[in-house]
Amino acid sequence: MVRNPIAAHLLTVLLLAGGVWTALQMQKEVFPQFQLDVVEVRVSYPGASPAEVEQGILLPVEEAVRGISGVREVTSTAREGWGRVQLELVAGTDRMKALQDVDQAVGTIRTFPDEAERPEVELQSRQRSVVEIGLYGGVDTWSLRQLAERVRDRLLSEPAITQAELGYVPGYVTHISIPQQRLRAHDLTLGEVAETIARASRDTPAGAIDTSEGEILLRLAARKQWAEELARIPVVTGESGAVVTLGEIAEIEDGFEEAGFHSQFNGHPSVELEVFRTGTQSPLAVEAAVQSVLAELEAELPAGVEARIDSNRAEDFHERLSLLLENGALALVIVLGILALFLELRLAFWIMTGMTLAFVAGVALLPWLGVSINMISMFGFLVALGIVVDDAIVVGENVYERRQAGLGPLAAAAEGAREMAAPVTFAVLTNIVAFLPLLFLPGTTGKFWWPLPVVVITVLALSLLEALFILPAHLGHSRGGGLGRRAGGWLHRGQRAFAEGFSAGVERYYRPLLRACLRNRYLTLSGALAGLLVVGGYAYSDHMGMIMMPEVAADEIEAGVSLPVGTTDEQAARTAEALTAATRRMYEAHGLGQVAEGIKTNVRGQDFIDVEIVMRPPTEREMTAGEVIALWRDSIGDIEGVDQITFEAERGPGGWRDDISVDLSHADVETLAAASQAFRRQAEAFTATRDVQDSYRKGKAQLDFTLTPEGYALGLTPEAVGEQVRNAFYGAVALRYLRGTNEVEVRVKRPEAERRGREHLEDLVIRTPAGTEVPLLDVARVERGQAYSAIDRRNGRRVVTVGMDVEPKPEIGRVLGALKTEVLPQLRADYPGLTWSFQGSQAEMRDSTQALWGGFALAMVAVYALLAVAFGSYSQPLIVMAAIPFGLAGAVLGHILLGYDLSLVSLMGAVALSGVVVNGSLIMTVYANRRRGALDAFAAIEEAGSRRFRPILLTTLTTFGGLAPIILETSRQATYLIPMAVSLGFGIVFATAVTLVVVPSLYLALEDLRGGPA
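The structure reproduced in this document is the subject of the present report. (Residues numbered from 1 in each chain as written. Predicted model: local features only at pLDDT ≥ 70, side-chain atom pairs only at ≥ 80, totals over all residues. Heavy atoms only, no water.)

Per the secondary structure count, the chain includes 34 helices and 32 strands. In terms of overall dimensions, the chain has C-alpha extents of about 125 × 80 × 60 Å along its principal axes. Looking at the chain as a whole, 54% of its 1014 residues are labelled buried. Here the contacts in the chain between residues at least 6 apart in sequence split such that 79% fall between residues at least 24 apart. Of the charged side chains in the chain, 89 are positive and 121 negative; the average position of the first set lies 10 Å away from that of the second. (Helix = DSSP H or I, 4+ residues; strand = E, 2+ residues; numbered from the N terminus. Buried < 20%, exposed > 50% of the residue type's maximum accessible area, 1.4 Å probe, protein only. Contact = heavy atoms within 4.5 Å. Lys, Arg positive; Asp, Glu negative; His and termini not counted. Charge placed at Lys NZ, Arg CZ, Asp CG, Glu CD.)

In structure tokens:
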């Protein structure tokens, strides 16, 4: 292609046009979208205790799915009224086949309780939220929800929006309350009333009739949706024709699920709307549509009602896109400036053109590889920015050297590219191999970061093709004449002056230093090894923290409040109001209006409350989330009726998770409960632990009924008695129907006053099959017991999870070590048969690091094999690979200097670094080997050091220059990216410094071992 520039030019234009067109069309999102390898089975069992759910739902499902292949782990949860079984699949398992297998297995279960609803079997998916809208104000919850539904319908009318859902809203229920006295007066039961309502409230298709006008459909219209319609249903018809309607014996009200407290924002009722994007929708387009709708509706909102955007991921996407584009442009300027200093401006221009071509062509290929434009893939381009010019620099610099030696443009281009083809190819291959382990990280972490190595590998492969084929054609046919005879000649003269001065500096300073190090090579190697051991020892010690992911400035902080089991709705409401009031006093006393936007309060069930402080963006506040949490923790005081309070700060993907989470398991439930409480007390004894909590909850008091012989004699059965007791206190569900787009449940029950207090249970009357009435306690014995409020299972065994946070984060390793070596072994000694496992962040960290280091070992074997083939030697690859441990040391030093904790992202950067740092030593060793025919080993490696100093330094500076903008970035949007950039940037700088003196020394030391002349 060197002699056919037209082909090179056309290919360049084609790749550039294809990349630009693809960039405009392809999917854009904040974070990569991926599928979860989890199949979920969920079954509702209204009114059942967790123990009943475990026995009737979890155990049958676990047994049914036991033999399904491809299942890695089974976790089960039983709560009051529902149960869930989650099957985590082995990576690579066919998800759809697994879903079908699970669905078929669950479908064969015939032992589900009659009251249990139809099982729901589905693959877990991640909804892609774009905007959360909050509606709040001084109106009742019913009016607020009706308004929210109108806003939702208006949003869904926009072409750019296809999914919007209400959040933190109670379900619609039509309550039909009938006192026991009225039921007895009309000889009715709640179950009979519910059946009457069901029969009278459904439309009945009645076929069709043929007429002269055509076929006409027939239907008996009886559908009833509102309380006033239900009130007209006849429930008793006398012999004389007198009719008693439902409204005459019952109180009927359209409302919500019974709860003493609904969601609030700043003390006002609130409802949330969440807008999602689907398919190829752009978050920016969705946000624009939302903003347009809100602007239209602003004038229509009732007095006192306000709308606010609570969370805006489209804004995050725009900020991150701007951040990466700005840093990318700055990096391009830095790299171009560095190239222009060392090389001819024309050569620097073509090298930068080649890099741009590799990037744009890479974009064209991304949709075929299943990668979108997102924060991770764009960071992949930034990582590649500094690396991708290495091969072009080496080829271009060699062509430049051939031109300096007097060859013509075509000959210099062909000769320079041919000389460097082999070392450049092997250098790029080692880079690619080093990024391969990042493709095989397991779990959610691996799926999240997968686009990064895909992008880097794709760009590296394209850059190699460009450097070996397209770049030489451009350089060979670049018009000569030199810039010195043009308007910009002063640039050329300045560059020549710098290049000559730089070369003189290398000869004056570096060459004597290199000669001294070579003469004292064993002292040099010993000093380098000592420094390596010091840095490695410091990194391995407790002085540096090791965390899963870098902490990100929180958007919201939450106080999670666990209430004692058995707390009533009214008690939960009072506690929520007291906690909100205490938070409001702290908020106002410390002027937190400057750092936060408001306070949200939600009651989730009867035993958990969360109060959230919605933070302003980090650029608009002076306090961090951690500082607000510390202030909140100290100011909250004692709240009556609270079991425990934990504080959390949202930390982006993976946020809201405990730093350390331990699952305890034992065959005996009482022993497990005692062990979990003992472990919790010991975990709280660490000074660095915060918010220690466990999943064990003392259950509600439970009354167990057993039918007596007298009851059986009257024809009663346990099922019949249980149904009547259930209808009286939980309610009999008459029907469920859709009112608009909302599911509504019609529930028949006794009035609230007759469902509170044990005396009403004692007064309950049971109807026998003969129609007679008997008191419940005359036909059933009652025993007092206790029901678990929650039951968790993992792989067929009950577990209790104990979780905790650690502050400061670098202490996680020390606490974790103490738990593993001291606390948990002693706990097992105290409670024989106890087992434990680390879950959550630690389990993911363990799996990811094991996969990462395993992949790193295989990558090093592959790098060694490539270098061995390149050198035709088993020993010389070790010289080149000697730069790797020094690169890792540089990565550690970078974290120390900039004050960052080591994280999984840091390790990913260190693994990728291992393929980059060998480039300089590879170039130097190849040059020395070529000179061995005319020079001895000492002179050859000395000349290699001085002659290859410029390309080695140039590749290092461009790599670091490309990463520098991200390393120095202060925006929270770059928080996840900085540790990897630090590992790569500082690793390559430190490894280069070592390469320039240690690799030559090691080269001669190897010659000494061979017995050759040095």
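Right, let's get into the side chain of Arg511. The residue Arg511 is located in helix α16 (residues 489-519) in this model. Taking relative accessible area as the criterion, Arg511 reaches 19% and is therefore assigned buried.

This paragraph deals with the pattern of salt bridges. With the rule as written, the count across this model stands at 36 salt bridges. Taking the shortest distance from any N to any O, the salt bridge between Glu117 and Arg736 comes out at 2.8 Å. With Glu117 in the loop between α3 (95-107) and β4 (120-123) and Arg736 in strand β24 (residues 732-739), the pair connects residues that are 619 residues apart, well separated along the chain. Across the pair Glu943 and Arg931 runs a salt bridge whose closest N-O atoms are separated by 3.3 Å. (Salt bridge = Lys/Arg side-chain N within 4 Å of Asp/Glu carboxyl O.)

What follows covers a negative patch on the surface. Taken together, Asp114, Glu115, Glu195, Glu719 and Glu723 make up a surface patch of like negative charges. Mapped onto the fold, Asp114 is located in the loop between α3 and β4. (Patch = residues over 30% accessible without salt bridge, like charges linked within 9 Å, V, L, I, M, F, W, Y side chains within 5 Å. Areas by Shrake-Rupley, 256 points an atom, 1.4 Å probe, with all protein chains shown as cover.)

Another aspect to go through is unusual backbone geometry. Here Asp187, not a glycine, exhibits a phi torsion of approximately 55 degrees, which is positive. Along the chain, the position of Asp187 falls in the loop between α5 (180-185) and α6 (190-200). Residue Asp187 is classed as partly exposed on the basis of its relative accessible area, which comes to 46%. One non-glycine residue, Asn795, lies in positive phi territory at about 50 degrees.

Formed by 136 residues in total, the largest nonpolar core has its most connected members in Leu339, Phe379, Val395, Phe435, Trp449 and Leu452. Residue contributions to this core peak at 17 residues, all from helix α12 (residues 375-404). When near neighbours in sequence (up to four residues on either side) are disregarded, Leu452 contacts Ile376, Phe379, Gly380, Phe435, Leu438 and Met980. Within the second largest apolar cluster, 38 residues are counted, among which are Val235, Val746, Ile766 and Leu776. (Core = buried A, V, L, I, M, F, W, Y, C linked by side-chain atoms within 4.5 Å.)

Taken as a whole, this structure holds 11 aromatic pairs when the rule is applied. Where Trp142 meets Tyr172, the ring centres are 5.3 Å apart and the plane angle is 70 degrees; that geometry is what we call edge-to-face. Taken together, the residues Trp142 in helix α4 (residues 141-156) and Tyr172 in strand β7 (residues 172-177) connect sequence positions 30 residues apart. On the accessibility criterion, Trp142 (22% relative accessible area) is partly exposed. Members of the aromatic cluster, joined through ring pairs, are Trp142, Tyr172 and Phe256. Over the ring of Tyr172 we find Arg739; its NZ or CZ atom is 5.2 Å from the centre of that ring. (Phe/Tyr/Trp six-rings, centres within 6.5 Å; stacked < 30°, edge-to-face > 60°. Lys NZ or Arg CZ within 6 Å of the ring centre and 35° of its normal.)

Within strand β29 (residues 790-794), five of the five residues are buried, leaving the element largely enclosed by the surrounding structure. Burial along β29 is two-sided: Ala790, Asp792 and Arg794 and Ile791 and Arg793, pointing in opposite directions, are all buried. Where strand β2 (residues 71-79) and β29 come together, five bridges link them in antiparallel fashion. In the sheet register, Ser76 faces β29, and the bridge partner there is Arg793. Of the pairings in the sheet, the one linking β29 to strand β30 (residues 797-806) comprises three bridges and is antiparallel in character. By the bridge assignment, Arg793 is partnered in β30 with Arg798. Between β29 and β30, which pair antiparallel and follow one another directly, the connecting turn spans two residues, one of which, Asn795, has a positive phi of 50 degrees. (Pairing = 2+ DSSP bridges.)

Attention shifts here to the pairing of strand β25 (residues 742-749). Of all the eight residues making up β25, seven are buried; the element is thus mostly covered by neighbouring parts of the structure. The sheet contact formed by β7 and β25 spans six bridges and is parallel. Across the sheet, residue Ser177 finds its bridge partner in β25, namely Lys749. As paired strands, β24 and β25 are joined by seven bridges and run antiparallel to one another. Across the sheet, Leu738 pairs through a bridge with Glu743, a residue of β25. Counted along the chain from β24 to the antiparallel partner β25, the turn is two residues long, and its residue Gly740 has a positive phi close to 70 degrees.

Let us look at the sheet that holds strand β12 (residues 251-256). Taken in spatial order, the four strands line up as β12-β7-β25-β24 in an open sheet, and their pairing is mixed. Across the chains shown, the open sheet's two edge strands, defined by having one partner strand only, are β12 and β24. Strand-to-strand twist of the sheet, defined as the mean angle between neighbouring strand axes without regard to direction, takes the value 20 degrees. Those strands touched by α4 are β7, β12, β24 and β25, and its axis lies near 50 degrees from that of β12. (Axes fitted to C-alpha atoms, helices over the stretch in contact; angles between N-to-C directions.)

A few words on helix α28 (residues 883-898). Spanning 16 residues, α28 covers 23 Å between terminal C-alpha atoms, matching the ideal 22 Å at 1.5 Å per step. Among all positions in α28, only Ala883, Ile884, Phe886, Gly887, Ala889, Gly890, Ala891, Val892, Gly894 and His895 are buried. Immediately beyond the C-terminal end of α28, within one or two residues, lies Gly899, with a positive phi of roughly 75 degrees. (Expected span 1.5 Å × (residues − 1).)

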